[in-house]
Amino acid sequence: TINIMHPRCTFIRDPARDKQQGAALMIMLIIMVLGSAAFLVSALNSSSLQIERDKKTADALAQAKDALIGYAITYGDIHLGEVHGYLPCPDMNGGNPEGSAEANCGNQNISQIGRLPWRTLDLTTLRDGNGECLWYAVSGTYKNNPKTGLMNWDTNGQLQTYATDGTTRIDSNNNQVIAVIFSPGLTQAGQNRSGSGAPIC
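Enquirer: Explanation requested: the nonpolar core in the structure shown.
Expert: Proteins that are soluble and globular tend to have nonpolar side chains buried together. Among the nonpolar cores identified, the biggest contains 21 residues, and Leu87, Leu116, Leu121, Leu123 and Leu126 are the most heavily contacted of them. Residue contributions to this core peak at 7 residues, all from helix H1 (residues 15-78). Sequence-distant contacts of Leu87, defined by excluding residues within four places in its chain, comprise Leu68, Tyr71, Ala72, Tyr136, Val138, Tyr142, Lys143, Asn144, Ile178 and Ala179.

Enquirer: Explain unusual backbone geometry here, please?
Expert: Most peptide bonds take the trans configuration, and most residues that are not glycine carry a negative phi. For the bond running from Asn145 to Pro146, omega is -5 degrees, close enough to zero to count as cis. Relative to the elements of secondary structure, Pro146 occurs in the loop between strand E2 (135-138) and strand E3 (179-182). Phi is positive for Asp122, which is not a glycine, with a value near 55 degrees. Topologically, Asp122 is positioned in the loop between strand E1 (112-115) and E2.

Enquirer: Before we go on, may I ask you to explain a nonpolar patch on the surface in this structure?
Expert: Nonpolar side chains collect at one region of the surface, where Met26, Leu29, Ile30, Val33 and Leu34 lie side by side and expose about 490 Å² of accessible area between them. Structurally, Ile30 can be placed in helix H1. Overall, the relative accessible area of 46% leaves Ile30 in the partly exposed class.

Definitions and cut-offs
Residues numbered from 1 in each chain as written. Predicted model: local features only at pLDDT ≥ 70, side-chain atom pairs only at ≥ 80, totals over all residues. Heavy atoms only, no water. Core = buried A, V, L, I, M, F, W, Y, C linked by side-chain atoms within 4.5 Å. Buried < 20%, exposed > 50% of the residue type's maximum accessible area, 1.4 Å probe, protein only. Helix = DSSP H or I, 4+ residues; strand = E, 2+ residues; numbered from the N terminus. Contact = heavy atoms within 4.5 Å. Patch = residues over 30% accessible without salt bridge, like charges linked within 9 Å, V, L, I, M, F, W, Y side chains within 5 Å. Areas by Shrake-Rupley, 256 points an atom, 1.4 Å probe, with all protein chains shown as cover. Salt bridge = Lys/Arg side-chain N within 4 Å of Asp/Glu carboxyl O.

Spelled out as structure tokens, the structure:
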């Protein structure tokens with residue numbers, strides 16, 4: 001029997017190198033933590049900003065709604081001999097002055113769209129969370145000029161609302177919308193919202 005002895009290898013560790021590897025690992029860990037923290041803070045800031053924008057938009061829409069309802073329920077008091085319920089025409093051209101409802105908005109019983117006539121409604125300029133002025137559509141059967149042939153408590157609106165799929169009607173034929181106030185959001189590529197001579201909106 002022959003015994004063959006294998007030589008043993010002995011490794012000598014370099015303490016300085018161990019410290020360098022530990023420091024590099026620590027630096028990588030710090031970078032990862034800082035990156036994660038920056039991403040989280042950025043996401044929270046973005047979410048917080050969106051919530052603030054949404055709140056501002058909701059407040060502006062609520063003020064506009066209240067003003068339009070007030071206009072409709074006092075219309076007959078302010079315009080002697082007229083019935084209540086009529087709504088102003090939109091500001092379709094930057095008004096004269098801007099924010100004023102058009103004196104005449106198209107043909108009888110034809111709905112119109114434009115910017116909210118904030119001046120006519122005794123409001124300040126109402127803007128959404130993106131800084132854009134509010135828009136407004138009014139049913140042709142509710143606009144004040146030219147008026148519909150018959151206005152009473154059950155006059156039907158002409159605007160129809162759909163669910164987000166774009167096909168499902170939300171309202172029935174006997175319960176259509178008389179006006180819509182909406183926030184246009186940021187200007188999209190290719191859009192021109194400058195109007196003609198409209199320095200405010």
